[in-house]
Structure formats: C-alpha cells, structure tokens
Amino acid sequence: MSFEAIKGQDQPINFLRESIKQQQLAGAYLFIGPEGVGKAFTAKALAKAVNCQEESFDSCDKCSSCIKIEKNQHPDIHFINPGSMDNQGDSELIKIEEIRQLHREINLRPFEAKKKVFIINNAHQLTAESANALLKILEEPPKNSLIILISSKFNRLFKTIISRCRIVKFSPLPRKELEATLRSEYHLLSEQAHFLAYLAEGRLGSALALKDTNIFTEKNELIDEFISVGSNVDQLAAKDREGLRRYLNLLAVWLRDLYLVKSGLSHAEIINLDRKEQLLKLMSHYSYSELDEAMKFVSQALMYLEQNVNAKLIFANLKGILKG
Ligand SMILES: [Zn+2]
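What you are looking at is a predicted structure, and each value in this text was computed from that prediction instead of being measured.

Before going further, it helps to spend a moment on the overall build of the chain. Scanning the chain for helices and strands turns up 15 helices and 5 strands. The principal-axis extent of the C-alpha atoms belonging to the chain is close to 70 × 45 × 30 Å. For the chain, the proportion of its 324 residues judged to be buried stands at 34%. Here the contacts in the chain between residues at least 6 apart in sequence split such that 71% fall between residues at least 24 apart.

What follows is the structure, given as structure tokens:
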C-alpha cells in the first residue's frame, strides 16, 4: 500500500512526504494513535517510499524494492513484534534479545536498501531493559537507518523513548468520511457502511475487520429476538466473553436508537438505519424511563464484564430488561 492509497490520514502522510522531499527525515519516529487507523500501513509505506527506485516521494509498488517490502521479504526492512522471540510464554513483551539483534543489524551496511528500516510494533510492550537498550540506539541512529515505533498507548510508553522520537499523530476518521470510504472503496451497501462506520468509531482497520464477520446479520438477529422475546438469557449463557461483549454492545446500540427516535432527534443519527421503520413503530411501546433502565442494565453488565465479574451476576442483571 502506498501513501496515496491510505485513507483519512492526510496530515501525517503529507508531513512524512514533505520530510522526504526536503531531505529532513528524522532518524526515529513514533507513530501514535488508536488501533486500526493505519499506523502500520503508513510505516510500511514510509519504508517503501524512502527506498523506492522511482524517487516519487511515495512507493511506486512496481520496483523490486517496493515489491520486496510489500511481501515482507526485503533483507533491510525489519519488523519487531512483541512475542516474536518468545519461548517463555511472555508473548506480549518486546525482550532485550530483540533490541540486541536490532543493535547488531543497524550497524551493518544495508544489503541493497538506501535506508535500513526497523519497525517496532506495540512499542509500549518494551521491557524496561529493552527500552534502555533501545534508548542508546535512538540517541545516535546511523545515517542510513530509520526506526519507526508504533503504539496506541501513549501513557504506557517510556518518557525517555518518547523524547528521542519525532512524534507523528494519527486520528480516527470523521464518521461520514469513513462511511463514504467504505461505500466507494470497499463497495459496501450504504446501510452496512453506515452501521460499521459508527461501530468502528472512525477506525478504518476495525471497520474492515468487522466487515468480514457476520456482525450485520448477527445484530439483526439480535434485534429480531429482542423484539419478540426480550433478552434471551439462556442463550446468552452459551456465549463466551467476547460474544457476550459484542451482544451487549449491539443491544446498547439498538436501545440508543430507540431512545433517539423517541426523542425526535435527526434520523440521520440512527445507527441501525436499515431498521428505521421498526424503530418508528416500536418507539411508542416504551417509556423513557423503561429505556433509561434498560440502557443502565446493559452498561452495568458491560462494566461487570470488564471487571471479570461472575457471568451469573451479569445475566441476573439482564433478566430485568424489557420486552418488545
Ligand atoms: Zn518503488
């Protein structure tokens, strides 16, 4: 994927392209922003752009360098992911061995690239020892190298690491823009694009991951069931935590829509736009206080779920929820 193909991140991408053009690239960058907004794609595009044989300040995706990087087969482009050197079960951490290897690699001349690139994913998972070792490298990275740290958790990064990187911020897309992208680039039906754009909170990567699940069918089955029998506690008990969380979130969205329609707010704000007719029909079945209560139950159940509270308590809570 080239810079040109990455959607909704014009600001960070223009900044990086301009830095390449002006030959003002820093030795180390920190890409910070929520999950699923394109940080990893941009890191790879940057690795391609600085090494592209076409000098277009982007990747051409045709030269041998671009093609090798795209396939993760370039000998000078390294990806460091938490757990990739794991043999003791600490699968979430970036260990000292990884950084020692980086240190050895970075001081060797590139095999064929103009710049060696090291992309460190989830940089908040560096151990203190790894962070210290990395710090020494960040102080003076070799001229023909580029280090890109990626993280969605700014508060968990070591301050010393942050201070040695040029920070590049990534933001979620405005919902309308994400919706339009899902329609035009990924050919989603407009009601599905609308629903996913809301659910993914402006994160294209999350929307695309959701698109390949049966979430749209699932949410409509849930709504049908809720309308006919209320929340089906027996069926809920069969779900795992993730399934339960998804169920509760979808239910929260449905209740929110009912509330919104009942309040007479703009229909453009309905998330389940494909169920608009039913929402309009059902809104008078519930009082505001019933809807309030139901939303409270759902958010409490979600909170219990986060706190690993016994599932039985969650179900007991949901039993009280209203019927259609
Ligand atoms: Zn190229």
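Picking up where we left off.
Here we take up the domain arrangement of the chain. The domain boundaries assigned to the chain delineate domain 1 (10-169) and domain 2 (214-319). For domain 1 and domain 2, the distance between their C-alpha centres works out to 42 Å.

With that settled, consider helix 8 (residues 190-199). Most of helix 8 sits inside the fold, with 7 of its 10 residues counted as buried. Turning to helix 8, its buried residues number three or more, namely Gln192, Ala193, His194, Phe195, Leu196, Ala197 and Tyr198. On its buried side, helix 8 packs onto helix 7 (175-184), helix 9 (204-211) and helix 10 (215-229). Just beyond helix 8, the residue with positive phi is Glu201, at close to 50°.

All right, on to the packing of helix 12 (residues 241-262) against helix 14 (residues 288-306) then. Running from amino to carboxyl end, helix 12 crosses helix 14 at an angle of 155°, the nearest separation of the two axes being 10 Å. Relative to helix 14, the element helix 12 is oriented roughly antiparallel. The interaxial crossing formed by helix 12 with helix 14 has left-handed handedness. Counted together, Arg241, Leu244, Arg245, Leu248, Leu251, Ala252, Leu255, Leu258, Tyr259 and Lys262 of helix 12 and Tyr288, Leu291, Ala294, Met295, Val298, Ser299, Ala301, Leu302 and Leu305 of helix 14 form the full contact between these two elements. When its residues are assigned to classes, the contact of helix 12 with helix 14 shows 15 nonpolar, 1 polar and 3 charged.

Pairing within the open sheet is parallel, and its 5 strands lie in the order 2-3-4-1-5. Of all the strands in the sheet, the pair left with one neighbour each is strand 2 (77-80) and strand 5 (166-169). Averaged over all neighbouring strand pairs, the angle between strand axes comes to 20°, with direction disregarded. One ladder, built from 5 bridges, connects strand 1 (residues 28-32) with strand 4 (residues 145-151); its direction is parallel. In the sheet register, Tyr29 faces strand 4, and the bridge partner there is Ile148.

What counts as what
Residues numbered from 1 in each chain as written. Predicted model: local features only at pLDDT ≥ 70, side-chain atom pairs only at ≥ 80, totals over all residues. Helix = DSSP H or I, 4+ residues; strand = E, 2+ residues; numbered from the N terminus. Buried ≥ 20, exposed ≤ 12 C-beta atoms within 10 Å, placed from the backbone. Contact = placed C-beta atoms within 7 Å. Domains from an automatic or database assignment. Axes fitted to C-alpha atoms, helices over the stretch in contact; angles between N-to-C directions. Parallel < 35°, antiparallel > 145°, perpendicular 65-115°, else oblique. Left-handed = near helix turned anticlockwise from the far one by under 90°. Nonpolar A, V, L, I, M, F, W, Y, C, P; charged D, E, K, R; others polar. Pairing = 2+ DSSP bridges.

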